[in-house]
Amino acid sequence: EDGIRDVAVTGVQTCALPISAISRRLGEQGRVILKACVSSAGGIDSLNLIKSSGFDRLDRIALETVQRWKFIPARRGQQPVAMCYQLPIQFTLEK
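Residues numbered from 1 in each chain as written. Predicted model: local features only at pLDDT ≥ 70, side-chain atom pairs only at ≥ 80, totals over all residues. Heavy atoms only, no water.

Student: Kindly report on the overall build of the chain, identifying the contributing residues and their values.
Tutor: A tally of regular secondary structure across the chain gives two helices and five strands. Ordered by position in the sequence, the α and β elements of the chain form the string α-β-β-α-β-β-β. Burial statistics for the chain: of 95 residues in total, 37% are counted as buried. Counting contacts in the chain only where the partners sit at least 6 residues apart, residues at least 24 apart contribute 69% of the total. (Helix = DSSP H or I, 4+ residues; strand = E, 2+ residues; numbered from the N terminus. Buried < 20%, exposed > 50% of the residue type's maximum accessible area, 1.4 Å probe, protein only. Contact = heavy atoms within 4.5 Å.)

Okay, structure coming up:
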């Protein structure tokens, strides 16, 4: 074990991503998987779509929103390090 902890994002479990009125009206929902490369400072170095939700609007919302997030970087011992990982985003319409 090299002491690297998983990258953590504060509040992801309770974070609501905005869904456009058009997407709501059309009933668009689904799961997006992104590859996020997080810098040692907690910013996004690169962000790519790995799996589409099947709806361009939802994919775009996920990319634009996550690009603005601040992350808690991975650590090796006490030293923050850059790391890439997969980030699933679920879009579900409330009934």
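So much for the structure itself; the text now carries on.
Student: I'd like a rundown of the packing of aromatic side chains, residues and numbers included.
Tutor: Taken as a whole and assessed by the stated rule, the structure comprises two aromatic pairs. Ring geometry for W69 versus F71: centroids 6.3 Å apart, planes at 55°, classification tilted. A relative accessible area of 15% places W69 in the buried class. Judged by relative accessible area, which is 5%, F71 ranks as buried. Ring geometry for F71 versus Y85: centroids 6.2 Å apart, planes at 75°, classification edge-to-face. Taken together, the positions of F71 in the loop between α2 (56-68) and β3 (74-76) and Y85 in strand β5 (residues 83-91) put the pair 14 residues apart, joining distant regions of the chain. Pair check on accessibility: F71 and Y85 agree, each one buried. What links up through ring pairs into an aromatic cluster is the set W69, F71 and Y85. (Phe/Tyr/Trp six-rings, centres within 6.5 Å; stacked < 30°, edge-to-face > 60°.)

Student: Lay out the confidence of the model for the chain in plain terms, naming residues and giving numbers.
Tutor: For the chain, mean pLDDT is 80; residues scoring 70 or higher make up 80% of the total. By mean pLDDT, the top-scoring element of the chain is strand β2 (residues 44-51) (96), and the lowest-scoring one is helix α1 (residues 21-26) (80). Per-residue pLDDT stays below 50 along residues 1-14; that stretch engages in 24 contacts with residues further than four places along the chain or on separate chains. (pLDDT = per-residue confidence, 0-100.)

Student: Give me the lowdown on the environment of I72, citing residues and values where you can.
Tutor: Mapped onto the secondary structure, I72 falls in the loop between α2 and β3. Taking the C-alpha atoms as reference points, I72 and A41, separated by 31 residues in sequence, lie 8.1 Å from one another.

Student: An account of the state of the cysteines is requested, with residue identities and associated values reported.
Tutor: Following the criterion strictly, the structure yields one disulfide and no others. One disulfide bridge connects C37 with C84, the sulfur atoms lying 1.9 Å from each other. With the S-S bond torsion at 110°, the cross-link from C37 to C84 turns out right-handed. Of this pair, C37 sits in strand β1 (residues 30-38) while C84 sits in strand β5; the two residues are 47 residues apart in sequence, bridging distant segments of the chain. Assessed through its relative accessible area of 40%, C84 is described here as partly exposed. (Disulfide = S-S within 2.5 Å.)

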